[in-house]
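Overview (structure and organization)
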Amino acid sequence: MDRKARTYIYLLWLLIFGSVVTSCSKEDDGSIPPSSEERYTGDSYKDLHSPWVKDPSQKTHVTRWECILFGLYPTNEVVSGSFNAVDDYALADGDVITDASLYNQLEQAEWTGDDTEIGGKRYHRLNGAGAVTCSTNREQHYRWTDTKSWHYFAYAPIKWRILKISGTKAVLLADRMLDTCPFHDKDEDVNWSGSLLRQWLNSDFLARAFSETERNAIETTNVENAPNVSYGTNCGPDTQDRVFILSNKEVFASPLATDYGFYAGSGIDDAARRFRSTLYAKCRGGWWSSVTGYCGNSFWFMRTNGYTPSNITYICDFGYLYNQGTAVTCDDAAVLPAITIDLTKASWAVATPVMSTDVVQ
């Protein structure tokens, strides 16, 4: 057989063998969808959609959440002059309202509790006694000049990411951490059902963030409290809540996490899990990151216990799930609330969508 014929046969065998290997490889990882997969993860309602995901099982996945405005919460601080209580990189546009005239009006206003209204707009005041923690020199925390002076915050519409639509019901997650509150006020074994945070979200937060009409549109959600998947830690009974926070299962290692727009696998710092806190949450005591690449991001609690019942898991500034957790009394994690609403009962407005690539620093 001449060299040309041998070369032809050799190339033919390479082609056949390569086809077999490719076929076997696809069969071995058949659970991984093609890299071009794009889909909506749930139902739609009118012009609103559940999250759009591309390559949901790939480390390079991308998510787009459609968003709505619903409810109001203290957000932006009103100041009379210069502002240096928070590093510039940790601020978003509009966080600081520099208006000496408005500030003076707030100084002279009549307050009901710690709220007032000027020109048809609501404002909230806060001093050191109302903060979870306050300090004049704590790194990467709001720098208080004193604990007695009032700080004034304008209420702003709450922007929510739509995590899933089922019929007319939508599961919503706040686009920014709205406040700061410890998971619990005592260093003891505790789960979500008995936590201070659950009580606070379903009382103080609920009353402040939503009008009576808006509260009527908020569904009572059946909240599953599954054990920690790594340590088997019991996370208590399932609960029924109008306001809640997400669990490990909802952001990691389950089809539900994928439906919500998060990467369900391991081994990456998921950009879809990176969030920033409002200026009000920072003033209340929330920490922010100074790490290059994640500057200004904060960390947020899960409702899943860590490696012991006195620990609670959290998502750090670069989007990694710390499954061992931190102490339940940790005082500077910001809160990222979630709710379920009936879209037919709620008065809401469409807001600008959010891409997971938007929070890559």
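Residues numbered from 1 in each chain as written. Predicted model: local features only at pLDDT ≥ 70, side-chain atom pairs only at ≥ 80, totals over all residues. Heavy atoms only, no water.

1. Brief notes about the side chain of Ser310
- The residue Ser310 is located in the loop between β16 (300-305) and β17 (311-315) in this model.
- Side chain to side chain, Ser310 and Thr308 meet in a polar contact 3.1 Å long.
- In contact with Ser310, not counting residues within four places along its chain, are Asp187, Glu188, Asp189, Thr326, Ala327 and Val328. (Helix = DSSP H or I, 4+ residues; strand = E, 2+ residues; numbered from the N terminus. Polar contact = N/O pair within 3.5 Å; in protein donor to acceptor, adjacent residues only side chain to side chain. Contact = heavy atoms within 4.5 Å.)

2. Observations concerning the pairing of strand β10 (residues 169-174)
- Most of β10 sits out of view: five of its six residues are buried.
- Bridging between strand β9 (residues 151-166) and β10 involves six bridges; their strand directions are antiparallel. Each residue of the ladder has a partner; that of Ile162, found in β10, is Leu172.
- Hairpin connection, β9 to β10: the antiparallel pair is bridged by two residues, and Gly167 has positive phi, about 65 degrees. (Buried < 20%, exposed > 50% of the residue type's maximum accessible area, 1.4 Å probe, protein only. Pairing = 2+ DSSP bridges.)

3. Thoughts on the nonpolar core
- Among the nonpolar cores identified, the biggest contains 80 residues, and Leu197 and Ile341 are the most heavily contacted of them.
- Formed by nine residues, the second largest nonpolar core is a distinct cluster that contains Leu102, Trp111, Tyr123 and Ala154. (Core = buried A, V, L, I, M, F, W, Y, C linked by side-chain atoms within 4.5 Å.)

4. Examining the pattern of salt bridges
- Evaluation of the coordinates by the stated rule reveals 15 salt bridges.
- Among the ionic pairs, Arg198 bridges to Asp241, the shortest N-O distance being 2.5 Å. Of this pair, Arg198 sits in helix α3 (residues 196-209) while Asp241 is found in strand β13 (residues 239-241), placing the two residues 43 residues apart along the sequence.
- For Arg273, the salt bridge identified is with Asp270, shortest N-O distance 3.8 Å. Judged on exposure class, the residue Arg273 and its partner Asp270 are both buried.
- Put simply, Arg138, Asp331 and Asp332 are held in one network by salt bridges that share partners. (Salt bridge = Lys/Arg side-chain N within 4 Å of Asp/Glu carboxyl O.)

5. Observations regarding helix α2 (residues 100-108)
- Along α2, the positions that sit buried rather than exposed are Leu102, Tyr103 and Leu106. Buried residues of α2, viewed axially, fall in a sector of 100 degrees; they line one side.
- Contacts made by the buried residues of α2 are with β5 (62-79), β7 (115-118), β8 (121-126) and β9.
- Where α2 begins, the capping side chain belongs to Asp99, and its oxygen is found 3.2 Å from the backbone nitrogen of Ser101. (Arc of directions from axis to C-beta.)

6. Regarding the packing of aromatic side chains
- This structure, assessed with the given rule, holds 21 aromatic pairs.
- Ring centres of Phe183 and Trp192 lie 6.4 Å apart, and the angle between their planes is 40 degrees; on these two criteria the pair is classed as tilted.
- Given a relative accessible area of 0%, Trp192 falls into the buried group.
- When the centroid spacing of 5.4 Å and the interplanar angle of 75 degrees are considered together, the rings of Phe275 and Trp300 count as edge-to-face. A residue pair is termed long-range when its members are at least 10 positions apart, and Phe275 in strand β14 (residues 275-276) and Trp300 in strand β16 qualify at 25 residues. (Phe/Tyr/Trp six-rings, centres within 6.5 Å; stacked < 30°, edge-to-face > 60°.)

7. Re empty space enclosed by the protein
- For the coordinates displayed, the defined rule picks out one cavity of 30 Å³ or more.
- For the largest cavity, the calculated volume is near 30 Å³.
- If you go around the largest cavity, the residues you meet are Thr133, Cys134, Ser135, Arg138, His141, Tyr142, Lys282 and Gly285.
- Of the residues in the lining of the largest cavity, the class split is two nonpolar, four polar and two charged. (1 Å grid on protein atoms, 1.4 Å probe; cavity = no way out; pocket = protein on both sides within 12 Å on 5 of 7 lines; lining within 4 Å. Points joined across faces, edges and corners; volume = space filled by probe spheres on them. Nonpolar A, V, L, I, M, F, W, Y, C, P; charged D, E, K, R; others polar.)

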